[in-house]
Amino acid sequence: MKMDFDGVQAFVAVAERGGFSRAARELHLTQTALSRRIQKLEAYLGLTLLNRTTRRVELSVVGREFLPQARAIVQQMTQAVERLKDMSRRGSGQVVLACIPSMTTHVLPELIRRYAQLHPGNRFQLHDGSSQEVRQALLSGRAELGIAVQGESHAELAERVLFADPLVFLCRAPHPLLARGAARWADLRDAELVSVSGFTATRVFMDYQLAKRGLRLQGQYEVQHHATAINLVAAGVGVAILPASTFQEGDRPGVRRLALTQPVVRRKVVLLQRQGAALSPAAEAFRQLVTKTVFKT
């Protein structure tokens, strides 16, 4: 059913104000425009809602019966619109974010903490997965925003680089390289390396950068997640090469982080959203927070 809300609103205003002139002033319309709205509604219904004479306007029998429902329609619509306007002003609602797991160690928890302080009533739903899964979540509509490693561009996705995340060397103290204060890729040829799965964006990016420079490292251990690699290093099982954002000094007793040089290899972390898609107020507020944040790794 195609209902003319403007006509319903005009009918309620005339009924409650007892005439066209006061109703027109309330709705900021001319009396002619107001009359047309009601005539259009009556034509759609095939019924007369208002009896008009040269002296007064009064409700018809049908109009008196319709008035309570018409009031409810106007009230519900007005309240719904006001709620939406309030959501827009306050940036309230729910954020649905798809994000790579490596961002959930330090970067994302800090962002969520700050967002919760600014928007304490908002809900937050997180889908963590690989960079490819993050992109699929956006394309399928399961998430409004995504944080992933920069990869091949997609025509339906807009991306913004947030920061460059260098790969670093993790080891358990004591270790011979700690005295140098940094590690070189060439120093790791014979290391017992805990490597992250070749299917992760970080591993693909790292292997590509190393291949460009004729370097190849062998790993004795392979895991699926960055957190697992850190756990093995903490247990004294090998060393690891991980993004700097996944580990800060003091996270795990005995585990140390060194800069990895010659060359310094960085992955770019990006914020993703659908091209041309309007974000919900809550997601827009989170996007603004993320884009204004200065990231340190």
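Up top is the structure.
In this text, all values refer to a predicted model and were calculated from it rather than measured experimentally.

Conventions used here
Residues numbered from 1 in each chain as written. Predicted model: local features only at pLDDT ≥ 70, side-chain atom pairs only at ≥ 80, totals over all residues. Heavy atoms only, no water. Phe/Tyr/Trp six-rings, centres within 6.5 Å; stacked < 30°, edge-to-face > 60°. Helix = DSSP H or I, 4+ residues; strand = E, 2+ residues; numbered from the N terminus. Buried < 20%, exposed > 50% of the residue type's maximum accessible area, 1.4 Å probe, protein only. Salt bridge = Lys/Arg side-chain N within 4 Å of Asp/Glu carboxyl O.

Chemist: Lay out the packing of aromatic side chains in plain terms, naming residues and giving numbers.
Modeler: Counting across every chain of the model gives 5 aromatic pairs. A centroid spacing of 5.6 Å and a plane angle of 25° characterise the contact between Phe 11 and Phe 66, whose relative ring orientation is stacked. One end of the pair, Phe 11, is in helix α1 (residues 5-17); the other, Phe 66, is in helix α4 (residues 61-90), with 55 residues separating them in the sequence. Measuring from centroid to centroid gives 5.5 Å for Tyr 115 and Phe 286, while their planes differ by 85°, and the two rings are edge-to-face. Linking Tyr 115 in helix α5 (residues 107-118) with Phe 286 in helix α9 (residues 281-292), this pair joins segments that are 171 residues apart in sequence. By relative accessible area, Tyr 115 is classed as buried at 3%. Judged by relative accessible area, which is 0%, Phe 286 ranks as buried. Members of the aromatic cluster, each reached through a chain of ring pairs, are Tyr 115, Phe 124 and Phe 286.

Chemist: Kindly report on the pattern of salt bridges, identifying the contributing residues and their values.
Modeler: Applying the stated criterion across every chain, the model contains 11 salt bridges. Among the ionic pairs, Glu 58 bridges to Arg 56, the shortest N-O distance being 3.7 Å. The closest approach of N and O atoms between Glu 156 and Arg 274, which form a salt bridge, is 3.7 Å. Of this pair, Glu 156 sits in the loop between β5 (145-149) and β6 (157-172) while Arg 274 is found in strand β12 (residues 266-274), placing the two residues 118 residues apart along the sequence. You can call Glu 156 partly exposed: its relative accessible area is 40%. On the accessibility criterion, Arg 274 (28% relative accessible area) is partly exposed. One salt-bridge network, held together by shared partners, links Arg 180, Arg 184 and Asp 187.

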